[in-house]
Number of protein chains: 2
Amino acid sequence: MKNHQPTIIDIAKELGISKSTVSRALTGHPNISKETQKRVLELAKKLDYQKNTLALSLVKHQSFSLGAVVPELIAPFFSLAITGAQEVTSRAGYTLFICQSNESYLTEVANVKALAERQIDGIITSLSKETTDIEHLRNIQRKGIPLVMFNRVSADLEVSKVVVNDREGAFQAVEHLILAGYKRIAHLAGPKNLLISQNRLNGYLDALRTYNFPIEDELITSYDLSKGQARVALMRLLDLPQVPDAIFCINDPTAIEVMQILKVRGIKIPDDIALVGFSDDPASSLIEPSLTTVAQPIIEMGQVAAQLLLDQIQGDAEKFVPETKVLKTKLIVRRSSVKGGI
Amino acid sequence: MKNHQPTIIDIAKELGISKSTVSRALTGHPNISKETQKRVLELAKKLDYQKNTLALSLVKHQSFSLGAVVPELIAPFFSLAITGAQEVTSRAGYTLFICQSNESYLTEVANVKALAERQIDGIITSLSKETTDIEHLRNIQRKGIPLVMFNRVSADLEVSKVVVNDREGAFQAVEHLILAGYKRIAHLAGPKNLLISQNRLNGYLDALRTYNFPIEDELITSYDLSKGQARVALMRLLDLPQVPDAIFCINDPTAIEVMQILKVRGIKIPDDIALVGFSDDPASSLIEPSLTTVAQPIIEMGQVAAQLLLDQIQGDAEKFVPETKVLKTKLIVRRSSVKGGI
DNA sequence: CTGTTAGCGCTTTCAT
DNA sequence: ATGAAAGCGCTAACAG
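Reading the values: the criteria
- Residues numbered from 1 in each chain as written.
- Chains lettered and ligands numbered in written order.
- Predicted model: local features only at pLDDT ≥ 70, side-chain atom pairs only at ≥ 80, totals over all residues.
- Heavy atoms only, no water.
- Domains from an automatic or database assignment.
- Contact = heavy atoms within 4.5 Å.
- Buried area = accessible area lost by both parts, 1.4 Å probe.
- Near = heavy atom within 4 Å.
- Polar contact = N/O pair within 3.5 Å; in protein donor to acceptor, adjacent residues only side chain to side chain.
- Salt bridge = Lys/Arg side-chain N within 4 Å of Asp/Glu carboxyl O.
- Helix = DSSP H or I, 4+ residues; strand = E, 2+ residues; numbered from the N terminus.
- Nonpolar A, V, L, I, M, F, W, Y, C, P; charged D, E, K, R; others polar.
- Phe/Tyr/Trp six-rings, centres within 6.5 Å; stacked < 30°, edge-to-face > 60°.
- Buried < 20%, exposed > 50% of the residue type's maximum accessible area, 1.4 Å probe, protein only.
- Lys NZ or Arg CZ within 6 Å of the ring centre and 35° of its normal.
- Pairing = 2+ DSSP bridges.
- Least-squares fit on C-alpha atoms with pLDDT ≥ 70 in both.
- 1 Å grid on protein atoms, 1.4 Å probe; cavity = no way out; pocket = protein on both sides within 12 Å on 5 of 7 lines; lining within 4 Å.
- Points joined across faces, edges and corners; volume = space filled by probe spheres on them.

**Student:** How would you sum up the domain arrangement of chain A? Please name residues and give values.
**Tutor:** Residue and element names in this part refer to chain A. Assigned domains within chain A: domain 1 (8-50), domain 2 (60-163 + 298-327) and domain 3 (166-296 + 331-337). Across the boundary between the two partners, domain 2 contributes 13 residues, which contact 13 residues of domain 3. Note on domain 2 versus domain 3: buried area summed over both sides is about 1100 Å², and carbon and sulfur give 59% of it. Of all residues in domain 2, Lys129, Arg152 and Ile298 give up the largest surface area on contact with domain 3, accounting jointly for 45% of the area buried on that side.

Shown next as structure tokens:
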């Protein structure tokens, strides 16, 4: 079934020259006569010759391929970040191979392994929600493969990272609710193992403390980010003797899920309960009422992560020092948190 | 900067055996003593040996990698389809490398080339909106690289394809509008070069004819699917002496964009103008009013496309015959097209 | 300017 | 059961 693809040897034979000469002609090496080069190029075109990058990579110990491992592409956050990353990498002549962990630790490990086996030159990743053991990434690091994390990063890894000021962003979101007059503000948090969950929770706590609000454990409830599971956490809040009048959600998909449930139950937003999300997903401005949220520069995160990776790859490994870039969030106030209307 | 990764030669030397033996031990070849194998495996583990898949691919003329080239991951349609495809390919031991054309013809060509140079074993693709020249895919085919198209397929290529019954789906959507009492039904179509645009347009025409509705050219307007450009096409419709009372849109993102514009202008949906989309994107059930749409089995499309590709790769090239699978759509009636409410 | 040689990491005959 | 040798497609010294 394998019909032979033309190689430089085929070209060399047909032209009666050596394969090195063909190689030189093809790569644009200076030491080659215009004449020979022309003949090679013409024949290559005629045979529809296509270089075998694998062989090249084997020789060069470089594949000019990068890998990206993200939880899931269906989430706008990740597909946008990837788009930003790809922009930067492709401009630099690298191909970015995208893998989804599907929020599964085991798949994440498998993805990382598959990429490493294919000798990719670097990896950019955001952890699956299940990941606590980061041995697979340590491994990558130990092998000297550049690694950059973004969004869901690990505190235990000394690598370059790109994050936003989650804590401040969360603070601003909750402060906004407080200033808007809400009194009993709940937090629907993410899995405790994720740093972003912790940071956003801390931002929430900071705001309450700053404004002398009591901190009540029953108002803080977390869930594992599984589609459809926000409902369970939400119910805990709704079943409270004193129901909250505002909920700050870990991210937009969560807030949107909550909004749907509240609407079905006839609970008015923002009059009965106000809602704030995090990320500014496209859907957030579409839904009714539109969702107040903490916007992140998503595409930029991807771009910066990719740039850090390229810098590390192209730089001197000896003097490389991991760097953490913290991008700025921006509170976007919409109707889900403003009683009188906006 | 390249710190040497352990190879089978390193293992062989350290154990005082030949690299062939190491290879056999590692691949589980029958002709090897349990004893030797055990020693090899242990040392491999200790050195954290990782096979170099590139070298293997070079020898085997097979990379166990597949490529996917899609317009953009931010569109739920494509990220879901890819998810379905990845499910199938990874179960079969293949890694799926995902590339975005960003709806650009040139990027699509570059993606396809990059994948081919990396010796991927097959490609699954959906055309960019700009693509009319399919020479790059013909090329792939000529080289004997299996190719499967889905969704945005080309009529001029003899390859396996996965589509839905776009024409019937569109017919049902428009029939629904007719039966719901709408009299002046417009169609906001996609680029004319895309087969799906043509098919959906034909479904629209079929329905009008079936119910003896006049076909008016001014009610049919197309645009290039660029974000934000639906507005222009919509304006042509709104500026008509007799404004339509219903619009069947080429897809959900378009319908959603239209809905936003109509709402801002104070046009009531569905009372002044009814709206129907195509795809059942997640946002369609979130927006207000919820969007009537023609649902496609998106994940299944990806799965089927991947399966067709694997079948072709693993099957006998001589007796391969391209196959077109047509999956079924399903009309989902929501509030954007039902006057009395639902 | 061009050819020769070696080698990237691995599998696979063919011997032994 | 193991080793030696050839080779996948390409680049990179080293000669000339």
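**Student:** Before we move on, could you go through the protein's contact with DNA strand D and cite the residues and values that matter?
**Tutor:** For DNA strand D, the set of nearby residues contains 27 residues, the closest of which are Ile8, Lys19, Ser23 and Tyr49 of chain A together with Thr21 of chain B. Among the atoms of DNA strand D close to the protein, meaning within 4 Å, 56% are from sugar or phosphate groups. Ala55 of chain A is positioned such that a nitrogen or oxygen atom in its backbone is 3.3 Å from a base nitrogen of DNA strand D. Side-chain polar atom of Thr36 of chain B to a phosphate oxygen of DNA strand D: 2.7 Å apart, as the coordinates give it.

**Student:** Now, about the interface of chain A and chain B: what can you tell me, with residues and values included?
**Tutor:** Contacts between the two partners involve 54 residues from chain A and, on the opposite side, 54 residues from chain B. The largest per-residue losses of area from chain A upon contact with chain B belong to Leu54, Arg118 and Lys143 of chain A, which jointly make up 16% of the total buried on that side. Here chain A is connected to chain B by four salt bridges. Between Lys143 of chain A and Asp48 of chain B there is a salt bridge, with its nearest N and O atoms 2.6 Å apart. Here chain A is connected to chain B by 20 residue pairs in polar contact (both at pLDDT 80 or more). Taken together, the elements giving at least two residues each to the side of chain A that touches chain B come down to α4 (53-60), α5 (76-91), β2 (95-100), α6 (105-117), α7 (135-142) and α11 (252-264) of chain A. Broken down by class, the residue content of the side of chain A that touches chain B amounts to 23 nonpolar, 21 polar and 10 charged.

**Student:** Kindly report on the protein's contact with DNA strand C, identifying the contributing residues and their values.
**Tutor:** Neighbouring DNA strand C are 26 residues; Ser20, Thr21 and Arg24 of chain A together with Lys19 and Tyr49 of chain B lie closest to it. At 3.1 Å, a backbone N or O of Ser33 of chain A approaches a phosphate oxygen of DNA strand C. Contacts to DNA strand C include Ser20 of chain B, whose side-chain N or O atom sits 3.4 Å from a base oxygen. If you list the elements that add at least two residues to the surface near DNA strand C, you get α2 (19-27) and α4 of chain A together with α2 (19-27) and α4 (53-60) of chain B. Here the surface near DNA strand C is built from residues that sort into eight nonpolar, 12 polar and six charged.

**Student:** Before we move on, can you summarise the packing of aromatic side chains with the specific residues and values?
**Tutor:** Summed over the entire model, instances satisfying the criterion amount to nine aromatic pairs over all chains. Ring geometry for Phe64 of chain B against Tyr94 of chain B: centres 5.1 Å apart, planes inclined by 45°, an arrangement best described as tilted. Placement of Phe64 of chain B in the loop between α4 and β1 (65-70) and of Tyr94 of chain B in the loop between α5 (76-91) and β2 (95-100) is noted, with a sequence separation of 30 residues between them. Ring plane angle 20° and centroid distance 6.5 Å describe the contact between Phe77 of chain B and Phe150 of chain B, whose orientation is recorded as stacked. Of this pair, Phe77 of chain B sits in helix α5 while Phe150 of chain B sits in strand β4 (residues 147-150), and the two are 73 residues apart along the sequence. For the pair Phe77 of chain B and Phe150 of chain B, a shared accessibility class is recorded, and that class is buried. Three or more aromatic residues link up through ring pairs in this structure, and these residues are Phe77, Phe78 and Phe150 of chain A. In this structure, Arg200 of chain A is placed above the aromatic ring of Phe278 of chain A, and the distance from its NZ or CZ to the ring centre is 3.7 Å.

**Student:** Account for the pairing of β2 of chain B, with residues named and values stated.
**Tutor:** All names here are of chain B. Summarising burial for β2: six of the six residues are buried, a large majority. Covered by surrounding structure in β2 are Thr95, Phe97 and Cys99 together with Leu96, Ile98 and Gln100, the residues of both alternating faces. Sheet topology places β1 next to β2; six bridges connect them, and they run parallel. By the bridge assignment for β2, Val69 is matched with Cys99.

**Student:** So what's going on with the environment of Gly190 of chain B? Residues and values would help.
**Tutor:** Residue and element names in this part refer to chain B. As for its placement among the helices and strands, Gly190 is situated in the loop between β6 (185-189) and α9 (195-210). Judged by its relative accessible area of 2%, Gly190 is buried. Separated by 32 residues in the primary sequence, Gly190 and Ser222 have C-alpha atoms spaced 5.2 Å apart. Residues within four places of Gly190 in sequence aside, it is in contact with Ser197, Ser222, Tyr223, Leu225 and Ile250.

**Student:** How would you explain the relation of the copies chain A and chain B if you had to name every residue and give the values?
**Tutor:** Taken together, a rotation about one axis and a shift along it account for how the two chain copies relate. Turning chain A through 180° and shifting it by 0.0 Å along the axis lays it on chain B, with an RMSD of 0.1 Å. Between the two chains, the operation in question is that of a two-fold axis.

**Student:** Let's hear about empty space enclosed by the protein: which residues, and what values?
**Tutor:** By the definition in use, this model includes two cavities of 30 Å³ or more. The calculated volume of the largest cavity comes to roughly 170 Å³. The wall of the largest cavity is formed by 17 residues, among which Leu54 and Arg118 of chain A together with Leu54, Phe97 and Arg118 of chain B lie closest to the centre. Sorting the residues of the lining of the largest cavity by element identifies α4 of chain A together with α4 of chain B as the ones contributing at least two each. Taken together, Lys183, Arg184, Ile185, Leu208, Phe213, Pro214, Glu216 and Leu219 of chain A make up the full set of residues lining the second largest cavity. Taken together, the residues that form the lining of the second largest cavity break down as five nonpolar, no polar and three charged.

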